[in-house]
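Fold and geometry: a report
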Amino acid sequence: MKFLIINGVNLNLTGLREKSVYGSESLSDIEGKIAAYCAQNGDETEFFQSNFEGALCDKLHEVFLKHSCDAVVLNAGAYSHYSYALRDAIAAIDIPVAEVHMSNICARETFRSHSVLSEVCRGVVFGFGAASYIAAIAGLKANFGGQK
């Protein structure tokens, strides 16, 4: 399978910001671990990060129109809690999307416990740090690995 891993707003600062919440690994370090895990399992990865809501929507549209990936792992950051544009972009494509959060969003500020994206995603993984991405990939592969 080919996985697109999308990271949204502020995730470019992973490892530098709020280390008690997100840890000290950089986004590049995390992407390296994801790529290694996928390669071990015969899968491919592509990574994309943007702080701009429209760029995230554009990337989802692009992979849908080009049929360039089999599944998406999305950590939209704070956009998860209020971006109806991103929600609609996910709903518009027929590629399985898993929502990921490194932190336990239910144990943080009240506004973080609800995601407007969850109901249009195939699954949600949160609270396991960088391992949340790996769990989402495993779930997508187990449930959608035979689909094209």
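Here the structure is a predicted model, which means the values were calculated and not measured. (Residues numbered from 1 in each chain as written. Predicted model: local features only at pLDDT ≥ 70, side-chain atom pairs only at ≥ 80, totals over all residues. Heavy atoms only, no water.)

**Regarding the sheet that holds strand E5 (residues 123-126)**
As a reminder, the rule being used: For two strands to be treated as a pair, DSSP must find no fewer than two bridges joining them. Helix and strand assignments come from DSSP, with helices taken as H or I runs of at least 4 residues and strands as E runs of at least 2, each series counted from the N terminus. Here, axes are lines fitted to C-alpha atoms. For helices the fit covers the stretch in contact, and angles between N-to-C directions go from 0 to 180 degrees.
Pairing is parallel in the open sheet, where five strands are placed in the order E2-E1-E3-E4-E5. Edge strands, defined here as strands with exactly one partner in the open sheet, are strand E2 (44-49) and E5. Ignoring strand direction, the axes of neighbouring strands in this sheet form an average angle of 20°. In the sheet, strand E1 (residues 2-7) pairs with E2 via six bridges, with the strands oriented parallel. Each bridged residue has a counterpart across the sheet, and for Leu 4 the counterpart in E2 is Glu 46.

**Section: the environment of Ile 30**
For clarity, the cut-off: Contacts between residues were defined by any pair of non-hydrogen atoms, one from each residue, lying within 4.5 Å.
Relative to the elements of secondary structure, Ile 30 occurs in helix H2 (residues 27-40). Spatially, the C-alpha atoms of Ile 30 and Lys 59 are 20 Å apart, while their sequence positions differ by 29 residues. Once residues within four sequence positions are removed from consideration, Ile 30 is found in contact with Thr 14, Glu 25, Met 102, Ala 130 and Tyr 133.

**Observations regarding the side chain of Asp 43**
Heads up, the condition is: By the criterion applied in these results, polar contacts are pairs of N or O atoms within 3.5 Å in which, for protein atoms, one can donate a hydrogen and the other can accept it, and in which residues neighboring in sequence qualify only through two side-chain atoms.
Its location among the elements puts Asp 43 in the loop between H2 and E2. A polar contact is formed between the side chain of Asp 43 and the side chain of Lys 141, at a distance of 2.9 Å.

**Some thoughts on helix H4 (residues 84-92)**
Spelled out, the test is: Each residue gets one of three labels from its accessible area relative to the maximum for its type: buried under 20%, exposed over 50%, partly exposed in between, using a 1.4 Å probe on protein chains only. As used here, the arc is the angular range of directions from the helix axis to the C-beta atoms.
For H4, every residue scored as buried is listed here: Leu 86, Arg 87, Ala 89 and Ile 90. Each buried residue of H4 sits inside an arc of 160° when the element is viewed along its axis, so together they form one side. Facing away from the buried side of H4, by more than 90 degrees, are the exposed residues Tyr 84 and Ala 92. Tucked into the core, H4 has its buried residues touching helix H3 (53-66), strand E3 (71-75) and strand E4 (97-101).

**What to know about the environment of Phe 3**
On the secondary structure map, Phe 3 appears in strand E1. As a C-alpha pair, Phe 3 and Val 124 span 121 residues in sequence and 16 Å in three-dimensional space.

**Observations concerning unusual backbone geometry**
Here Asn 10, not a glycine, exhibits a phi torsion of approximately 70°, which is positive. If you check the backbone angles, His 67 has positive phi at about 50° while not being a glycine. Within the secondary structure, His 67 is located in the loop between H3 and E3. Taking the relative accessible area as the measure of exposure, His 67 reaches 66% and is therefore exposed.

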